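Below are the chains, spelled out letter by letter.
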Amino acid sequence: MTDLDNAGARQASKRARANIADLTLIVRVPGRPADVRVFTDAEADDTHKYASTVGGTAEPLATH
C-alpha cells in the first residue's frame, strides 16, 4: 500500500468510546473542517495538546 492509497482515509480512534452526551469540548481548525475533533472533560489535556499541534482553538460545546 502506498501513501496515496491512504489519502483521505480515517483511522479509528484508540481511545475509549464515549456517549455523545459526554462530549464537552471541541477543537476547530480554521480552514480544515475535516480536522475538527471532540473530547470529553476527562480528555481536557488531550484537547489542548491537539489544538496546539494543529493550530486550532479548543472551545466548550454548547449544551441545551
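Look up a bit, the structure's there.
The structure contained in this document is the topic of the report that follows. (Residues numbered from 1 in each chain as written. Predicted model: local features only at pLDDT ≥ 70, side-chain atom pairs only at ≥ 80, totals over all residues. Heavy atoms only, no water.)

The next point concerns the pattern of salt bridges. Using the criterion set out here, one finds two salt bridges in the structure. Residue Glu-59 pairs with Arg-28 through a salt bridge whose shortest N-O separation is 3.0 Å. Highlighted residues: Glu-59 in strand 3 (residues 57-60) and Arg-28 in strand 1 (residues 23-28), separated in sequence by 31 residues. Residue Arg-32 pairs with Asp-35 through a salt bridge whose shortest N-O separation is 2.6 Å. (Salt bridge = Lys/Arg side-chain N within 4 Å of Asp/Glu carboxyl O. Helix = DSSP H or I, 4+ residues; strand = E, 2+ residues; numbered from the N terminus.)

Before going further, it helps to examine the packing of aromatic side chains. Counted by the stated rule, this structure contains one aromatic pair. Their ring planes at 50 degrees and their centres at 6.2 Å tell us that Phe-39 and Tyr-50 sit as a pair that is tilted. In this pair, Phe-39 sits in strand 2 (residues 37-40) while Tyr-50 sits in helix 1 (residues 44-54), placing the two residues 11 residues apart along the sequence. Residues Phe-39 and Tyr-50 agree in their burial class; the two are buried. (Phe/Tyr/Trp six-rings, centres within 6.5 Å; stacked < 30°, edge-to-face > 60°. Buried < 20%, exposed > 50% of the residue type's maximum accessible area, 1.4 Å probe, protein only.)

Worth remembering: the numbers are spatial, not functional.
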